[in-house]
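Chain residues, written in single-letter form:
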Amino acid sequence: MLGAGAPGARGQYSRGTGTPGRLRVIVLTYVLVALELTCLFMRFSILPYLTRQLGLDSVAFGYLQTTFGVLQLLGGPLFGRFADQRGARAAFTLSFLAASTFYLLLAAACSPSLPGLALLYAAPLPAALAHGLPAAQMVIADLSAPEERPAALGRLGLCFGVGMILGSLLGGTLSAASGIQCPAFVALVASLVAAVLSFTCIPTSTKGVSANAQATPPGAPKASIFDLKAISRLLLQPGVLPVFLVKVVSGFPSGLFLVMFSIISMDFFQLDAAQAGYLTSFFGVLQMVIQGVVIGWLSSHFSEGTLLRASVLVFIAVGVAMALMSKVLHFCLLMPGLVFSLCALNVVTDSMLTKAVSASDTGTMLGLCASIQPLTRTVGPTVGGLLYRSFGVPVFGHVQFATNVLVLLVLWRQPLPQKRDKVG
């Protein structure tokens, strides 16, 4: 068991490259993330059919998705602060217990003998605490040396690809063979198993002794998890706010496009459900390769500042191509560039931001980063829908081009790390 070589209840890991306990925890973290994302994509595969079965139209489904986004937006920073104060074990366990509660409500909503609509609308509530990916990023950041961090965070893309492919496959296969309730039950059991693994095999804290001492000085009262001023103060630390704003602004146009992709694939590309699924699987494979392999290799040869500027430059080129595309083949050709930009932007900015704050605040910082995607899911359907209805698909390319040209001009004037970290 992974806990066998781990420290005890107060155990902590150093960032030494060869520490066996550290490597075991990192491997388990990757496994837990892959399990969480598999369950997530199983949910994605059945939720539209469940809402249709319960008589909800597309507008009501949009409200439900917005509710998910708002709750995760609000819960992300608080969960990150909880992870910093209570440690990796508590964070992972809480996340998977919250996910288990969600899948229990989802499975119950599938039962005709229960009030399905009420249970479906109650299901998003525990999602505010289901943040396994930020918890994993915190563990990876805590246990990785600064020069190893981009590659280590990038390998989470392999977990994402595995979860996307395996979850989509299992969700469709299980619902076809045993009914729509089966994937929800499987996800419930998997989340409970992950909660047990987290509680028994993840160390209490993955932060160094100095970081824990910094977080709670002797004799000082323990800070509240709900101290919003302490959370917002992180953004005001040197070097944090510019990178955070680049992360938000540069990726937002692509986020709008991806939020609207299901509609675009049906209306603009004229794809059926199976073809759209193949396209999504292609996206997952690209993410596995680019984030899991390519970004790690590039981070060993180029500085983070160079990679960040490169991602923005590729965003600009993809924006031009997106404005000109007219069929799905064009989108397949530009997709590698889109995936590279998204992966490089997220991995590099996460690495830079966790280095810019103290080790005792990495969870809170990653919680703030994790709120960006829910923010896009919250405002994206409305903003993206208005843009699509008024100007069509090319508008997403125009917005991406214009936005990232401005970001690139700012980056060219903004001092960023240029010296490449030595690996090894």
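Residues numbered from 1 in each chain as written. Predicted model: local features only at pLDDT ≥ 70, side-chain atom pairs only at ≥ 80, totals over all residues. Heavy atoms only, no water.

Visitor: Give me the lowdown on the overall build of the chain, citing residues and values where you can.
Guide: Looking only at helices and strands, the chain has 18 helices and zero strands in total. Burial statistics for the chain: of 424 residues in total, 52% are counted as buried. Partitioning the intrachain contacts of the chain with sequence separation of at least 6 by distance along the chain shows that 86% fall at a separation of at least 24. On the chain, roughly 18400 Å² of surface is accessible, and the fraction owed to carbon and sulfur atoms is 70%. (Helix = DSSP H or I, 4+ residues; strand = E, 2+ residues; numbered from the N terminus. Buried < 20%, exposed > 50% of the residue type's maximum accessible area, 1.4 Å probe, protein only. Contact = heavy atoms within 4.5 Å. Areas by Shrake-Rupley, 256 points an atom, 1.4 Å probe, with all protein chains shown as cover.)

Visitor: Give a detailed account of helix H18 (residues 394–413), specifying residues and quantitative values.
Guide: With 20 residues, H18 should reach 28 Å at 1.5 Å per residue; the first-to-last C-alpha distance of 30 Å fits that figure. Among all positions in H18, only Val-395, Phe-396, Gly-397, Gln-400, Thr-403, Asn-404, Val-407, Leu-408 and Leu-411 are buried. In this structure, the buried residues of H18 make contact with helix H11 (241–259), helix H12 (261–267), helix H14 (304–324) and helix H17 (372–391). (Expected span 1.5 Å × (residues − 1).)

Visitor: Hey, could you go over the side chain of Glu-304 for me, with residue numbers and the actual values?
Guide: Along the chain, Glu-304 falls in helix H14. With a relative accessible area of 9%, Glu-304 lands in the buried category. Separated by 2.9 Å, the side chains of Glu-304 and Lys-355 make a polar contact. (Polar contact = N/O pair within 3.5 Å; in protein donor to acceptor, adjacent residues only side chain to side chain.)

Visitor: Please provide a residue-by-residue account of the nonpolar core, values included.
Guide: Residues Phe-257, Phe-331, Met-365 and Phe-396 are the most contacted members of the largest nonpolar core, which totals 85 residues. Looking at which element gives the most residues to this core, the answer is helix H15 (residues 328–356), with 14 residues. Setting aside chain neighbours within four positions, we find Phe-257 in contact with Ile-264, Met-322, Met-325, Phe-331, Val-393 and Phe-396. Ranked by size, the runner-up nonpolar core spans 28 residues in total, among them Leu-47, Ala-60, Cys-110 and Ile-180. (Core = buried A, V, L, I, M, F, W, Y, C linked by side-chain atoms within 4.5 Å.)

Visitor: Can you break down a nonpolar patch on the surface residue by residue, with the values?
Guide: Taken together, the side chains of Leu-158, Ile-165, Val-285, Val-289, Val-293 and Val-294 present a nonpolar region at the surface, about 410 Å² in accessible area. Secondary-structure elements contributing two or more residues to the nonpolar patch are helix H7 (156–178) and helix H13 (273–299). Per element, the largest residue contribution to the nonpolar patch is four residues, and it comes from H13. Along the chain, Val-285 turns up in helix H13. In this structure Val-285 comes out as partly exposed when scored by relative accessible area, which is 39%. (Patch = residues over 30% accessible without salt bridge, like charges linked within 9 Å, V, L, I, M, F, W, Y side chains within 5 Å. Salt bridge = Lys/Arg side-chain N within 4 Å of Asp/Glu carboxyl O.)

Visitor: Quick one: what's the story with the packing of H11 against H14, residue by residue and with numbers?
Guide: Packing of H11 against H14 brings their axes to within 11 Å, and their N-to-C directions diverge by 30°. Put simply, H11 runs roughly parallel to H14. Considering only the axes of H11 and H14, their crossing is left-handed. Contacts from Val-246, Ser-250, Gly-251, Ser-254 and Phe-257 in H11 reach Leu-308, Val-312, Phe-315 and Met-322 in H14. (Axes fitted to C-alpha atoms, helices over the stretch in contact; angles between N-to-C directions. Parallel < 35°, antiparallel > 145°, perpendicular 65-115°, else oblique. Left-handed = near helix turned anticlockwise from the far one by under 90°.)

Visitor: Describe the side chain of Thr-403, and please don't skip the residues or the numbers.
Guide: Counting through the fold element by element, Thr-403 comes out in helix H18. A relative accessible area of 18% places Thr-403 in the buried class. The residues touching Thr-403, leaving out its near neighbours within four places in the chain, are Val-249 and Pro-253.

Visitor: Mind laying out the environment of Ile-202, listing which residues take part and the relevant values?
Guide: Among the structural elements, Ile-202 can be located in the loop between helix H8 (181–201) and helix H9 (209–215). The class for Ile-202 is buried, based on a relative accessible area of 1%. Along the sequence, Ile-202 and Phe-92 sit 110 residues apart, while their C-alpha atoms lie 8.3 Å from each other. Apart from residues lying up to four places away in sequence, Ile-202 is in contact with Val-25, Leu-28, Thr-29, Leu-32, Ala-88, Arg-89, Phe-92 and Leu-197.

Visitor: Pulling in residues and values, what's your account of the confidence of the model for the chain?
Guide: When pLDDT is averaged along the chain, the result is 81; 86% of the residues meet or exceed 70. H9 is the least confidently modelled element of the chain, averaging 44 in pLDDT, while H14 averages 94, the highest of any element. Every residue in residues 1–12 scores below 50 in pLDDT, and together they form 24 contacts with partners more than four places removed in sequence or on other chains. With pLDDT under 50 throughout, residues 209–221 is counted as low confidence; its partners more than four residues away or in other chains account for ten contacts. (pLDDT = per-residue confidence, 0-100.)

Visitor: Describe the packing of H11 against H15, and please don't skip the residues or the numbers.
Guide: What describes two packed helices is the angle between their axes and the distance between those same axes. Contact pair H11 / H15: the axes reach a minimum separation of 10 Å and the direction vectors enclose 150°. Between H11 and H15, the crossing angle belongs to the class labelled roughly antiparallel. Two packed elements cross with a definite hand, and for H11 against H15 that hand is left-handed. Contacts between H11 and H15 involve Val-243, Phe-244, Val-246, Lys-247, Ser-250, Gly-251, Ser-254, Phe-257 and Leu-258 from the first element and Phe-331, Leu-338, Leu-342, Leu-345, Asn-346, Thr-349, Asp-350, Met-352 and Leu-353 from the second. Across the contact of H11 with H15, the residue classes break down as eleven nonpolar, five polar and two charged. (Nonpolar A, V, L, I, M, F, W, Y, C, P; charged D, E, K, R; others polar.)

Visitor: Quick rundown of the packing of aromatic side chains? Include the residues and the values.
Guide: By the definition in use, this model includes eleven aromatic pairs. Relative to Phe-82, the ring of Phe-79 lies with its centre 6.5 Å away and its plane at 35°, an arrangement referred to as tilted. Of this pair, Phe-79 and Phe-82 both sit in helix H2 (residues 58–86), separated by three residues, roughly a single helical turn. Comparing Phe-79 with Phe-82 shows no difference in burial state: the two are buried. Centre to centre, the rings of Phe-257 and Phe-396 are 5.9 Å apart; their planes meet at 75°, and the pair counts as edge-to-face. Taken as a pair, Phe-257 in helix H11 and Phe-396 in helix H18 lie far apart in primary sequence, 139 residues in all. Three or more aromatic residues joined by ring pairs make a cluster, and in this case those are Phe-257, Phe-261, Phe-268, Phe-269, Phe-331 and Phe-396. Directly above the ring of Phe-68 sits Arg-43, whose terminal nitrogen or CZ lies 4.5 Å from the centroid. Directly above the ring of Trp-412 sits Arg-309, whose terminal nitrogen or CZ lies 5.6 Å from the centroid. (Phe/Tyr/Trp six-rings, centres within 6.5 Å; stacked < 30°, edge-to-face > 60°. Lys NZ or Arg CZ within 6 Å of the ring centre and 35° of its normal.)

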